[in-house]
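Structure assessment
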Amino acid sequence: CYLGLVTNRIINYINLYSPKGILVKQSDLSDDSFVYSKCPVHTHKEDRVFVGLSPIDYSLRVNRTSGRNHIICDDPGLLTFDDEHTSSPQPVVQLKVPRFFFWTNDDDIWIEMNDHPMTSYSNNFITVGGWFNLSNWSRVTSFGITIVDEMRPVIIKKGDPLFRISFYSNNLNDTFTLKEESDDQKIVEIQNTYN
């Protein structure tokens, strides 16, 4: 089996909304006292996954019982939705926080967004997953959620894990480092180019 040379891939990003969202390596959030923390199969994957943590407290509730879809929430400006989404078998909305713009200079790098296993249990939603070739299509991440039990509210506390992001190259042994752009002028240039 040929694995090739291991390369550390740089993934650049900017955070598009304040307060700042947090991206943390999943391995930094793990408790090393679990027996599986010694398993190379587990740690190989965990070292290459990043978790998006909520930068704010937020709650929302969808009411579909009155013939019209109503959303009651802390700040309607942080939500995107329409009747087609809220009329799905389970209501679906998009949150604008946190939101990131990723790009890379490497070829054939894919980005994948997945749910975090604790959100359905703790927060009453499942993140809508997806993936795309980041090398060919730099874009803003969308944070869509499907509400699990519409009779209960979605309650998010600051620091709660919301989703997981993974990056893939042709060599699954490659590592990935996130590099946040902090130069305000460069951020404006990137946003203008993207828009």
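For the structure, check the block above.
Starting afresh in each chain, residues are numbered from 1 along the sequence in its written order. The model is predicted, so local features are restricted to residues of pLDDT at least 70 and side-chain atom pairs to those at 80 or more, both for listing and for counting; the totals for chains, interfaces and linings are taken over all residues. Excluded from the side-chain calculation are hydrogens and water; included are all heavy atoms of the structure.

1. A short note on the nonpolar core
The test is simple: Only buried Ala, Val, Leu, Ile, Met, Phe, Trp, Tyr and Cys residues count toward a nonpolar core, and they belong to the same one when joined by side-chain atoms within 4.5 Å. Only protein chains enter the accessibility calculation, which uses a 1.4 Å probe; a residue is then buried when its area is under 20% of its type maximum, exposed when over 50%, and partly exposed in between. Helix and strand definitions follow DSSP, with helices as H or I runs of at least four residues and strands as E runs of at least two, each counted in order from the N terminus. Contacts are residue-level and defined by heavy atoms, with any inter-residue pair within 4.5 Å sufficient.
Leu60, Phe102 and Phe167 are the most contacted members of the largest nonpolar core, which has 33 residues in total. Looking at this core, the element that brings in the most residues is strand S14 (residues 161–168), giving four residues. When neighbours within four sequence positions are excluded, phenylalanine 167 is seen to be in contact with Ile11, Arg48, Phe50, Phe102, Ile109, Trp110, Ile111, Leu134, Phe176 and Leu178. Listed in part, the six residues of the second largest apolar core include Ile14, Trp103, Val140 and Ile187.

2. What to know about the sheet that holds strand S4 (residues 58–63)
For the record, the criterion: Strand pairing is defined by DSSP finding a minimum of two bridges between the two strands. Angles here are taken between N-to-C directions and fall from 0 to 180 degrees, while the axes themselves are lines fitted to C-alpha atoms, restricted in helices to the stretch in contact.
The three strands are arranged S5-S4-S13 in an open sheet whose pairing can be described as antiparallel. The sheet is open, and its two borders are formed by strand S5 (70–73) and strand S13 (154–156), each paired with just one other strand. The average angle at which neighbouring strand axes cross in this sheet is 15 degrees, direction not considered. Here S4 pairs with S5 via four bridges, running antiparallel. Bridged to asparagine 63 within S5 is histidine 70.

3. Let's talk about the pattern of salt bridges
The cut-off we apply is this: Salt bridge criterion: a side-chain nitrogen from Lys or Arg within 4 Å of a carboxyl oxygen from Asp or Glu.
Taken as a whole and judged by the stated rule, the model has four salt bridges. Between aspartate 106 and arginine 9 there is a salt bridge whose closest N-O contact spans 3.8 Å. Within this pair, whereas aspartate 106 is found in the loop between strand S8 (100–103) and strand S9 (110–115), its partner arginine 9 is found in strand S1 (residues 8–15), the two being separated by 97 residues in sequence. Residue classification places aspartate 106 among the partly exposed positions, given a relative accessible area of 24%. Taken together, the shared-partner salt bridges connect Arg9, Asp106 and Asp174 into one network.

4. Quick look at the sheet that holds strand S3 (residues 49–53)
Neighbouring strands of a sheet are bound in pairs by backbone hydrogen bonds; such pairs are parallel or else antiparallel. With respect to topology, five strands assemble into an open sheet ordered S2-S3-S14-S9-S11, the strand pairing being antiparallel. Each of the sheet's edge strands pairs with one partner strand only, and the pair in question is strand S2 (22–25) and strand S11 (130–133). Pairwise comparison of adjacent strand axes, ignoring direction, gives a mean angle of 25 degrees for this sheet. Where S9 and S14 come together, six bridges link them in antiparallel fashion. Among the inter-strand pairings, aspartate 115 is bridged to a residue of S14, identified as phenylalanine 163.

5. Re empty space enclosed by the protein
Applied cut-off: Any residue with an atom within 4 Å of a point lines the site, the site being either a cavity, points on a 1 Å grid over the protein atoms alone where a 1.4 Å probe fits but cannot get out, or a pocket, an open set with protein on both sides within 12 Å along at least 5 of 7 lines. Grid points are joined across faces, edges and corners, and a volume is the space filled by probe spheres set on the points. Any residue outside Ala, Val, Leu, Ile, Met, Phe, Trp, Tyr, Cys, Pro, Asp, Glu, Lys and Arg is labelled polar, Gly included; the first ten of those are nonpolar and the last four are charged.
According to the stated counting rule, one finds one cavity of 30 Å³ or more in the structure shown. Approximately 60 Å³ is the volume found for the largest cavity. Lining the largest cavity we find Ser54, Ile56, Tyr58, Leu78, Leu95, Val97, Phe143, Ile156 and Leu162. Looking at the lining of the largest cavity, its residues break down into eight nonpolar, one polar and no charged.

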